[in-house]
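Given next are the chains, with one letter for each unit.
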Amino acid sequence: FKKIPLPDKTKDELEQMGAAFNRMMARLEQNYYQQQQFLSDASHELKTPITVIESYASLLKRWGKEEADIQEEAVEAIHHEALRMKELTQNLLQVASRNNLSIEEVEIVSLCRQVARNFSQTSNRIVQVIAKPEEVIYETDANRFEQVLIILVDNALKYSETDVTVSIEVVEEVLMIRVQDQGIGIPKQDIPHVFERFYRVDPSRTRSTGGSGLGLSIAKSIVDSLGGRIAIESEVGVGTTVNISFLIKF
Ligand code: ADP
């Protein structure tokens, strides 16, 4: 039978729908692979501490009663690895629950000051806050926002020995928050990778500082979900600045 030619407008619409459908499928597929990758990375990361705990527990069972040195070493190692696993699982839960935002009006400067105060008290280091203007109301999820700040300030303190500065600025319609340190910095070739899950510039060093390589990837996924941007500038031996920015809708 004879094909009825479709009007051009319908053809265009069908083509557009087809393209949108393909895009959606590609996104779903990409999400699926990212989740698979994440699961395999996470299992891999959990396997190391579990293996260490298992070996030291066997050692304890065999020699622990007679050898005080072995007992001390094993208990120390098991404790250390258990803490790593705890941190890792907390981070994994964080990644898994990144939906369900609770958006409200938040005064950003006092939130930053509160985070800085908490860190100054617990770390005995100065976390300075510089704000211009002194009050910024922004609609966001306060808990998530705070989590990002905590990750960035924690890193800044971990990878430096001097004061850390958090600055808040509103330039035209953009709210910018900078967390700055004068620490060890990040080599140029590593900068593009630091937002990747489980990426550490120097695994041996970060292992001793207790990092899991998830902090910045979590910070990025939260900032993304809040509609903002995150960027990092760094120079070895000079320091690191992480910028987060959000468009303010007036
Ligand atoms: P970690 O838990 O290892 O700190 P992150 O995802 O937070 O993981 O950071 C990834 C890596 O980026 C870190 O291991 C560290 O090498 C580097 N890094 C992050 N923040 C800083 C900083 N402020 N100064 C220097 N290096 C940093």
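For the structure itself, look to the data block above.
Here the structure is a predicted model, which is why all the values come from computation and not from measurement.

Draft legend 1. Summary view of the packing of helix α3 (residues 108-123) against helix α4 (residues 142-158). The interhelical angle for the contact between α3 and α4, taken along N-to-C directions, is 40 degrees, at an axis separation of 10 Å. By the criterion of interaxial angle, the relationship of α3 to α4 is oblique. Once α3 is placed against α4, the crossing between them reads as right-handed. In this structure, α3 contributes I108, L111, C112, V115, F119 and S123 to the contact, and α4 contributes A142, F145, E146, L149, I150, V153, D154 and L157. For the contact of α3 with α4, the residue count by class is eleven nonpolar, one polar and two charged.

Draft legend 2. Inspection of the pattern of salt bridges at higher detail. Considering all chains together, one arrives at five salt bridges under this definition. When the shortest N-O distance is used, the salt bridge between R200 and E45 registers 3.3 Å. On the criterion of sequence distance, the pair formed by R200 in the loop between β5 (174-181) and α5 (203-209) and E45 in helix α1 (residues 8-63) is long-range, its members being 155 residues apart. Each member of the pair, R200 together with E45, is buried. Between D224 and K220 there is a salt bridge whose closest N-O contact spans 3.1 Å. Residue D224 and its partner K220 are both found in helix α6 (residues 215-225); the two are separated by four residues, about one turn of the helix.

What counts as what
- Residues numbered from 1 in each chain as written.
- Predicted model: local features only at pLDDT ≥ 70, side-chain atom pairs only at ≥ 80, totals over all residues.
- Heavy atoms only, no water.
- Axes fitted to C-alpha atoms, helices over the stretch in contact; angles between N-to-C directions.
- Helix = DSSP H or I, 4+ residues; strand = E, 2+ residues; numbered from the N terminus.
- Parallel < 35°, antiparallel > 145°, perpendicular 65-115°, else oblique.
- Left-handed = near helix turned anticlockwise from the far one by under 90°.
- Contact = heavy atoms within 4.5 Å.
- Nonpolar A, V, L, I, M, F, W, Y, C, P; charged D, E, K, R; others polar.
- Salt bridge = Lys/Arg side-chain N within 4 Å of Asp/Glu carboxyl O.
- Buried < 20%, exposed > 50% of the residue type's maximum accessible area, 1.4 Å probe, protein only.

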